[in-house]
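In case you want the letters, here they are:
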Amino acid sequence: MTTTLPELEQVIREEIVRGSFPGQFTITEHAEEPCFKARIDTQTLSNISISHNPEYETEHPGKTKPTIRDITRHEIDHRKYENHFGCPRELDLHVENIIEPMAEILSPKGFTEDDVHYVANCLEDTILHADLNSEFALNGIINFFEDVGEYTPKQKYTLFYEAHARLNLYLWGTKAQKKKLRKFFTKNQKDGEVTKVLQAFLEKSGISDVAQENHDEKNIRDRREMRNYLNDEQNWPRIAKAYAEEFSQLMQPGYALPIFNHSGKGTMKEGDTPKENPINVPFSGEGNP
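Structure report, in brief. (Residues numbered from 1 in each chain as written. Predicted model: local features only at pLDDT ≥ 70, side-chain atom pairs only at ≥ 80, totals over all residues. Heavy atoms only, no water.)

## As for the sheet that holds strand 1 (residues 24-29)
Note the threshold: At least two DSSP bridges between two strands are needed for those strands to be called paired. A helix here means a DSSP run of H or I that spans at least four residues, while a strand means a run of E at least two residues long, and both kinds are numbered starting from the N terminus. Helix axes are fitted only over the stretch in contact, all axes being lines through C-alpha atoms; the angle between N-to-C directions runs from 0 to 180 degrees. We call two residues contacting when some pair of their heavy atoms lies within 4.5 Å.
Reading across the sheet, the three strands line up as 1-3-2 and stay open at both edges, with mixed pairing between neighbours. At either end of the open sheet lies a strand with only one pairing partner, and these are strand 1 and strand 2 (36-40). Strand-to-strand, the axes of this sheet are offset by a mean angle of 10 degrees, without reference to chain direction. The sheet contact formed by strand 1 and strand 3 (residues 47-52) spans six bridges and is parallel. Along strand 3, the bridge assignment pairs Thr26 with Ser49. Its contacts with the sheet put helix 1 (residues 5-18) on strand 1 and strand 3, and the angle it makes with strand 1 is roughly 155 degrees. Relative to the sheet, helix 3 (residues 64-79) contacts strand 1, strand 2 and strand 3, its axis offset from that of strand 2 by approximately 20 degrees.

## Some thoughts on the pairing of strand 3
Bridge count for strand 2 against strand 3 is five bridges, and the pairing is antiparallel. Residue pairing in the sheet places Arg39 in a bridge with Ser49 of strand 3. Counting the residues in the hairpin turn of strand 2 and strand 3 gives six residues, including Leu45, whose phi is positive at 50 degrees.

## A few points about the nonpolar core
Formally: Joining through side-chain atoms within 4.5 Å is the link that ties buried Ala, Val, Leu, Ile, Met, Phe, Trp, Tyr and Cys residues into a set, and such a set is a nonpolar core. Think of it in three bands: residues with accessible area under 20% of the maximum for their type are buried, residues over 50% are exposed, and the middle band is partly exposed, with areas taken using a 1.4 Å probe on protein chains only.
Core analysis: the largest hydrophobic core is formed by 81 residues, its most contacted members being Met102, Tyr157, Phe160 and Tyr243. Apart from the residues within four sequence positions on either side, Met102 is in contact with Val116, Val119, Ala120, Leu123, Ala240, Tyr243 and Ala244.

## A short note on the packing of aromatic side chains
Basically, it comes down to this: Between the rings of Phe, Tyr and Trp (Trp by its six-membered ring), a pair exists once the centres lie within 6.5 Å; its type follows the angle of the planes, with under 30 degrees stacked, over 60 edge-to-face, and the other angles tilted.
Evaluation of the coordinates by the stated rule reveals 15 aromatic pairs. Look at Tyr157 and Phe184: their rings are 5.3 Å apart centre to centre, the planes differ by 40 degrees, and that puts the pair in the tilted class. Remark: Phe184 occurs in the loop between helix 8 (175-182) and helix 9 (193-205) and Tyr157 occurs in the loop between helix 6 (139-151) and helix 7 (159-172); sequence separation between them is 27 residues. With relative accessibility at 6%, the residue Tyr157 sits in the buried group. Ring centres 3.9 Å apart and planes at 10 degrees place the aromatic pair Tyr243 and Phe247 in the stacked group. Here Tyr243 pairs with Phe247, and both are found in helix 12 (residues 236-247), just four residues apart, close to one helical turn. Given the relative accessible area of 0%, Tyr243 is considered buried.

## Comments concerning unusual backbone geometry
Here the amide bond leading from Glu33 into Pro34 is cis, since omega sits at 0 degrees, within 30 degrees of zero. Within the secondary structure, Pro34 is located in the loop between strand 1 and strand 2. For the bond from Cys87 to Pro88, the omega torsion is 15 degrees, close enough to zero to count as cis. Looking at where Pro88 falls in the secondary structure, it is placed in the loop between helix 3 and helix 4 (91-106). Phi at Arg89 takes a positive value of approximately 80 degrees, unusual for a residue other than glycine. With respect to the helices and strands, Arg89 occurs in the loop between helix 3 and helix 4. The phi angle at Leu138 is positive, at roughly 65 degrees, despite the residue not being glycine.

## Description of the pattern of salt bridges
Going by this rule: Only one rule defines a salt bridge in this text: a Lys or Arg side-chain nitrogen within 4 Å of an Asp or Glu carboxyl oxygen.
Tallied over the full model, the rule gives 13 salt bridges. Here Arg73 ties to Glu15 by a salt bridge, and the two come within 3.1 Å at their closest N and O atoms. With Arg73 in helix 3 and Glu15 in helix 1, this residue pair connects regions lying 58 residues apart in the sequence. Across the pair, Glu15 and Arg73 agree in class, each one buried.

## Topic: the packing of helix 4 against helix 12
Our working definition: Take the far helix as your reference; a near helix turned counterclockwise from it by less than a right angle gives a left-handed crossing, and one turned clockwise gives a right-handed crossing. Asp, Glu, Lys and Arg are counted as charged, while Ala, Val, Leu, Ile, Met, Phe, Trp, Tyr, Cys and Pro are counted as nonpolar; the rest, among them Gly, fall into the polar class.
Taken N-terminus to C-terminus, the directions of helix 4 and helix 12 make an angle of 35 degrees; their axes are 8 Å apart at the nearest point. Considering the relative orientation of helix 4 and helix 12, their crossing is right-handed. Side by side, helix 4 and helix 12 meet where Leu93, Asn97, Ile98, Pro101, Met102, Glu104, Ile105 and Leu106 of the first sit next to Trp236, Pro237, Ala240, Lys241, Tyr243, Ala244 and Glu245 of the second. Split into classes, the residues belonging to the contact of helix 4 with helix 12 amount to 11 nonpolar, one polar and three charged.

## Regarding helix 9
To keep things clear, this is the line we draw: To estimate how far a helix should extend, the number of its residues minus one is multiplied by 1.5 Å.
Over its 13 residues, helix 9 runs 18 Å from end to end, which matches the ideal 18 Å to within 8%, given 1.5 Å per residue. Looking one or two residues beyond helix 9, the residue adopting positive phi is Gly206, at roughly 95 degrees.

Here's what the structure looks like:
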């Protein structure tokens, strides 16, 4: 079974209209894994490029279209999907509220500009997923996370990527979605290193406070309040710093598994050590949001 490019073009075009996206898009094919790639240009946030591996449909019948649909929503919401907020919305917010606060934390630790851009993209993806979840289930995003897990040699996430996936699930995932990704997690989830990093991040970022703002019981989360907090760009510098402070503890060599528009290339790899190539130039905002 295959899904043709014209069929996928129609799926994307429908979301372009529904999301009131004013720019252009392209859809192509590739033969590598993971099976989906996408990006939106940083400077104008008006050109979307999506690529997929046709073999994915053979192994996962019926999943290509919903995955492409959610990827399109994802890329549009880097700018702003209709009736949503978007992240980072514009280049200045990307640089001043996300990149620069992260660089303040990661530069002294010896991480490179590529590391900062990768981690910033992970955070922006997380924020916009929570934003989109007010309307959409985002099963296609889960399909992507699952595809990345299957693509890894041992079919296990790195500690950083596990934290990335688990934070997304905490903010918007369902029980069924969590079950799909749990097989890629480490065994010591309850009191492991990832759990400690996530708990510290939620507290430092202020998300824990709003999650329980209207509840007496600590185990009850208010996802709407968390979403509102994340959508407020005035909170982004605090969130970005907390993210860099805590997630950097998991940024070990080879930590950066693929996200939609970043393969992880250029980030810290096996054999690298922090402070070999520290950030020593101001950020221009060039790169992919």
